[in-house]
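Structural overview for review
Okay, here's what each chain looks like letter by letter:
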Amino acid sequence: EPSGVGTEFWRFGLVAGLIALMGTCAFLAVAPARRTPISLEEAGGQAPLSLCASLRATFRLHSFRVYAAIMFLSQCYMSHLLTNISLYLVYVVGIDVAQVGFLMGAMMLPVIATRVLSLPLYLWLLQRAHPASVYSVLRAIEAGLVVLFFLLLKAEGNAEGGPQMSKLTATAAAAGAVLGVAQSPNDIISHMLMGWAIDEDGVERRGLRREGMFYACNGVCQHLSEVVVALILASYGWAGFDPKQCPSEQPASAVTAIELSFLVFGPVVLALLTLLGFAYPIRGERLARLKAQVAVLNEDRSRRITERNVSRPASTRGTASTRTLAEVVFRSR
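The rules behind these values
Numbering of residues begins from 1 in every chain and follows the order in which that chain's sequence is written. Only residues with pLDDT of at least 70 are given local features in this predicted model, and only at 80 or more are side-chain atom pairs given and counted; all residues enter the totals for whole chains, interfaces and linings. Hydrogens and water molecules were not included; the side-chain quantities draw on all heavy atoms of the structure. Helix and strand assignments follow DSSP, with helices taken as H or I runs no shorter than four residues and strands as E runs no shorter than two, numbered in order from the N terminus. For every residue, the accessible area obtained with a 1.4 Å probe (protein chains only) is divided by the maximum for its type, and the residue is called buried under 20%, exposed over 50%, and partly exposed between those limits. The pairing test for Phe, Tyr and Trp rings, Trp by its six-membered ring, is centres within 6.5 Å, and the orientation test on the planes gives stacked under 30 degrees, edge-to-face over 60, and tilted for anything in between. For every element, the axis is a line fit to its C-alpha atoms; helices are fit only across the contacting stretch, and the angle between N-to-C directions ranges from 0 to 180 degrees. By definition, any crossing whose near helix is turned counterclockwise from its far helix by less than a right angle is left-handed, and any crossing with a clockwise turn is right-handed. For this analysis, residues touch if any pair of their heavy atoms sits within 4.5 Å. For this scheme, ten residues count as nonpolar: Ala, Val, Leu, Ile, Met, Phe, Trp, Tyr, Cys and Pro. Four count as charged, namely Asp, Glu, Lys and Arg, and the remainder, Gly too, count as polar. Lining residues are defined by having an atom within 4 Å of a point belonging to a cavity or pocket. Those points lie on a 1 Å grid over the protein atoms alone, cavities being sets where a 1.4 Å probe fits but cannot get out and pockets being open sets with protein on both sides within 12 Å along at least five of seven lines. Grid points are joined across faces, edges and corners, and a volume is the space filled by probe spheres set on the points. Expected span of a helix, by definition, is 1.5 Å for each gap between consecutive residues, and there is one gap fewer than residues. Should an angle fall under 35 degrees it is called roughly parallel, over 145 degrees roughly antiparallel, and 65 to 115 degrees roughly perpendicular, with every other angle called oblique.

This paragraph deals with the environment of G207. Structurally, G207 can be placed in the loop between α9 (186-204) and α10 (211-223). When the C-alpha positions of G207 and N298 are compared, they lie 8.3 Å apart, and in sequence the two are 91 residues distant.

If you want it as structure tokens, here you go:
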């Protein structure tokens, strides 16, 4: 057994356990997040849900479970990519540690540029196609290109004569540009999918919305994705990886483990994200019906707010300081 295998495995495993423990602290946000600015009178006098009942009601929604799974796997993929890509460059591609920063910069700059430049295209596209379908297609394309670019980096790093930084830089920049285009609409799509899940829950509860609860539960799922990254590091240690040793002294099993985490784990996660995107249930007639129901609720709430303002004394009517938070939120939409 290579020296330090057991030590590194348990060290990274302990980190995974600590991250899991810290991730559950997101539940501390649940209690205050359950509060809503909409009065219970406006929701038909429903009694507020208890903490456990609110958790069950949130995860009972199939649309939210699909969304939370998408966010969890997406965070697993991106955290692993950003955290461990330097290991791939050093131990698999074979570049010098001092060159990692330059190569990462050559990759990140195109990511930022293409994310911004491709936004108008996606704003146009998302008005004509369901965001979950767009997300799935992008993840399927990304799954194939990720493998291609990592194999190209490895081939150029192991070419005769050693790694040539000019070719590696060009490949890294191309990979960054593709990643930026593929990842550009993710934030927009994320808020759209979450918003529809929250709308559906609000319609079911006659206008009593629970945005805070949804975001608190989603936060727990996303934080726990860091456990997966720590477990990947633990698998490196189990394979014999020792960070105290030089790259040339690492066992072949450790290098193989690092390589497979990028060539297999990443594409598998992206394939699962593709399937989950197509599985998102709020689409078609269901989405059209939801939008109509939300419009009715908003119109009814607007009528009640107008009636309430009319009944107030003229000296306090319509001033921002005397409006309820519900009125301010509604009128800002």
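Relative to the assigned elements, L117 resides in helix α5 (residues 100-117). With a relative accessible area of 67%, L117 lands in the exposed category.

Next up on the list: the packing of aromatic side chains. Enumeration according to the criterion identifies 7 aromatic pairs in this entry. Summarising the aromatic geometry, the rings of Y91 and F241 are spaced 5.2 Å apart at their centres and angled 90° between planes, so their arrangement reads as edge-to-face. Of the two residues, Y91 sits in helix α4 (residues 62-93) while F241 sits in the loop between α11 (225-238) and α12 (252-279), which places them 150 residues apart along the sequence. Accessibility assignment for this pair places Y91 and F241 in one class, buried. An angle of 70° between the planes, with centres 6.5 Å apart, marks the rings of Y236 and F241 as edge-to-face. Taken individually, Y236 and F241 each receive the classification buried, so the pair is uniform in this respect.

Our next topic: the packing of α4 against α10. Packing of α4 against α10 brings their axes to within 8 Å, and their N-to-C directions diverge by 35°. Relative to α10, α4 is oriented so that their crossing is right-handed. Between α4 and α10, the residues in contact are F64, Y67, A68, M71, F72 and Q75 and F214, C217, N218, C221 and Q222, respectively. Partitioned by chemical class, the residues of the contact of α4 with α10 number 8 nonpolar, 3 polar and no charged.

Empty pockets left among the atoms are what a rolling probe the size of a water molecule brings to light. Taken as a whole, this structure holds 2 cavities of 30 Å³ or more when the rule is applied. Taken as a whole, the largest cavity encloses approximately 180 Å³ of empty space. For the lining of the largest cavity, the elements supplying multiple residues, two or more each, are α4, α7 (131-157) and α8 (165-183). Ranked by residue count, the leading element in the lining of the largest cavity is α7, at 6 residues. Its residues assigned to classes, the lining of the largest cavity comprises 12 nonpolar, no polar and 1 charged. The volume enclosed by the second largest cavity comes to roughly 40 Å³. Contributing to the lining of the second largest cavity are L81, L82, I85, M104, M107, M108 and L179. Classifying every residue of the lining of the second largest cavity gives 7 nonpolar, no polar and no charged.

In this model, α10 (13 residues) spans 18 Å end to end at C-alpha, consistent with the 18 Å of a helix rising 1.5 Å per residue. Three or more residues of α10 are buried, namely M213, F214, A216, C217, N218, G219, V220 and C221.

With that settled, the discussion passes to the packing of α11 against α12. For the pair α11 and α12, interaxial distance at closest approach is 9 Å and the crossing angle is 140°. On the basis of their axis angle, the class for α11 and α12 is oblique. For the pair formed by α11 and α12, the contact residues are V228, I232 and Y236 on the first element and A257, I258, S261, F262 and F265 on the second. Here the contact of α11 with α12 is built from residues that sort into 7 nonpolar, 1 polar and no charged.

Moving on: the environment of E200. Residue placement: E200 occurs in helix α9. The class of E200 is buried, set by a relative accessible area of 17%. Sequence-wise, E200 and L61 are 139 residues apart; in three dimensions their C-alpha atoms are separated by 8.9 Å. With residues up to four places along the chain from it excluded, the contact list for E200 reads S63, I282, R286 and L290.

Shape is all these values report; function is a separate question.
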